[in-house]
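These are the residues of each chain, in order.
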Amino acid sequence: MSLDLSSTSNDFTGKATAPVRARIAPSPTGDPHVGTAYIGLLNYVFAQQRGGAFVLRIEDTDRTRFVSTSEQMIFDSLRWVGLQWNEGPDVGGPYGPYRQSERTEIYREYCQILLDNGSAYRAFETAEELDAERKAQMAAKQAPKYAGPSRNYTPEQAAEALAAGKPYTIRLKVPDGDKGPGIASTTFTDELRGEITFDHNNVDDQVLLKSDGFPTYHLANVVDDHLMRITDVIRAEEWISSTPKHVLLYRAFGWELPRFWHMPLLRNIDKSKISKRKNPVSLIYYRQAGFLPQAMLNFLGLMGGGMAQPTEQEIVSQGLDTKLADLFSLADMFERFDFKRISLGGPVFDLVKLKWLNGEYLRRLSADELFAALRTTVLSDDYLRSIVPLVQTRMETLGQFGDLTGFFFADDVMPPMDVFLPKKRTLEETMEFAVNMLAALEACDWTVEAMDAALRGLLEAAGWSVKEAFMLLRAVLTGRTASPPLLESLEVFGKARSIDRLRRFIEAQKKIAALAGRNK
Ligand code: GLU
């Protein structure tokens, strides 16, 4: 495949355009997601292949979902996978700041332009009024859509409400759906899917600026993509329905559109969208569980099928093992990944395949390299050091260390029923409690105090004792009835792996129950 490595890109129609600039724009709302690394990798490869820039922008304007440790985790885990950005909050660049919370003044200024040119308006409806409107629409079997009176206020009415000090949001004025061709809908080109049209009857008057003066995703995203000179917006398919709003914004500002590429979503084997209920989705998990970054990168690169595969002829003439054709490096991706090959079918995030790949990479390491890999992950000094104090008072010889701590180093621990089932509880009750425990722990900070509070919160409603709850949790974590201090052990084992262990336990019990039901 010939590559265009010049500083100007080719827009596939042969027309030279501005140097390519691609970006990812994760929101720091929790653990870094494998989907962020997948989209990040595609953007990185896209920019590299075209001699362009890859930008990392942090979209942190939703203060209700903001998690303070998340940003650093995003940087660390994307670097772990092997991504390098040319511009970003931590590396700087000519179009910063790259953190949206530091750009709020900019969004307010741009929103004023939209108010001035009539593309946006102040909406004075209260949350209660909007709620009542939404309920009435649902009752009438209509799709909920803003239809408040402020949209049609005369300038005098709007000025009056403003002077009265009424709080307001600023909304995009989506042209009415019944105003005829060219106005009734928005059409844009998706580079993978072709033209996509949205009827304006289905496009809501999006809030652009909230009453607290913070922008919504839509306004901030478009303003930044423009100001940061982004030429190609490569993001997940779930953003397609936002794109008509973005296109309307670009037009309202009189700006040139970027190219849009909506990538197929990662899916579970059953084709549902990947979610933490079925598989771990946090990059932290994969790192802590001992996946190699090069295997993870390779696996993510396989998603979507953009890698050019060897031809039948190459396979025969070079005696290639077709399965091994799936093994490639970042450099191979720069050379052979072809965006026009991407298939929209929905790539399957198949853990069996990921483990197979990881095994292939492990086998290719020398014994020294493998030792080094163990010592920086599952046998790192930090990890071992945090385990030692938990068992100091329980050992009579150093040789017992392994017996007491095996569960910290195991990938899977499946407690037998006599170990996890409290005496007075049925299996159904126990599993129901386990499911609630999973939800409570998932939502909680990973400190002993927070876990303790979360578990105690569950007890009363369920009528369980601390002893019963701890017995179950201890069994799931360690496979045994006795262990080092439980919550301290969970803290050291880490949230991502602990949650995964609990989830695997629940899934395994479900399977056993289903099998037992079938054999009845
Ligand atoms: N902040 C959005 C996210 O969390 C960015 C989506 C986009 O790329 O436009 O994924």
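For the structure itself, look to the data block above.
Just so it is clear, the structure is predicted and the values come from calculations on it, not from any experiment.

1. Some points on the sheet that holds strand 7 (residues 207-209)
Here is step 1 of the chain: Taking strand neighbours across the sheet as the criterion, the three strands line up as 3-4-7 in an open arrangement whose pairing is antiparallel. If you trace the sheet from one side to the other, it starts and ends with strand 3 (120-123) and strand 7, each paired once. Across this sheet, the average inter-strand angle for adjacent strands is 45°, counted without regard to direction.
Here is step 2 of the chain: Pairing of strand 3 with strand 4 (residues 169-172), which is carried by four bridges, proceeds in the antiparallel orientation.

2. Things to note about the side chain of glutamine 509
Here is step 1 of the chain: If you trace the backbone, glutamine 509 turns up in helix 21 (residues 495-519).
Here is step 2 of the chain: When residues no more than four places from it in sequence are discounted, the contact partners of glutamine 509 are Phe420, Leu427 and Met431.

3. So, helix 17 (residues 427-442)
Here is step 1 of the chain: Taking 1.5 Å of rise per residue, the 16 residues of helix 17 would be expected to cover 22 Å, and the 22 Å separating its terminal C-alpha atoms lies within 8% of that figure.
Here is step 2 of the chain: Three or more residues of helix 17 are buried, namely Thr430, Met431, Phe433, Ala434, Met437, Leu438, Ala440 and Leu441.

4. Brief notes about the site of the ligand
Here is step 1 of the chain: The environment of the ligand is made up of Arg23, Ala25, Ser27, Glu59, Tyr217, Asn221, Arg235 and Trp239.
Here is step 2 of the chain: Within the side chain of glutamate 59, a nitrogen or oxygen atom sits 2.6 Å from a nitrogen atom of the ligand.
Here is step 3 of the chain: Considered on its own, the ligand offers 290 Å² of accessible surface; in the complex 82% of this is hidden by protein.
Here is step 4 of the chain: Tallied by class, the residues present in the shell around the ligand amount to three nonpolar, two polar and three charged.

Here is what the cut-offs are and how they apply
- Residues numbered from 1 in each chain as written.
- Predicted model: local features only at pLDDT ≥ 70, side-chain atom pairs only at ≥ 80, totals over all residues.
- Heavy atoms only, no water.
- Pairing = 2+ DSSP bridges.
- Helix = DSSP H or I, 4+ residues; strand = E, 2+ residues; numbered from the N terminus.
- Axes fitted to C-alpha atoms, helices over the stretch in contact; angles between N-to-C directions.
- Contact = heavy atoms within 4.5 Å.
- Expected span 1.5 Å × (residues − 1).
- Buried < 20%, exposed > 50% of the residue type's maximum accessible area, 1.4 Å probe, protein only.
- Near = heavy atom within 4 Å.
- Polar contact = N/O pair within 3.5 Å; in protein donor to acceptor, adjacent residues only side chain to side chain.
- Areas by Shrake-Rupley, 256 points an atom, 1.4 Å probe, with all protein chains shown as cover.
- Nonpolar A, V, L, I, M, F, W, Y, C, P; charged D, E, K, R; others polar.

Structural measurements only, silent on function.
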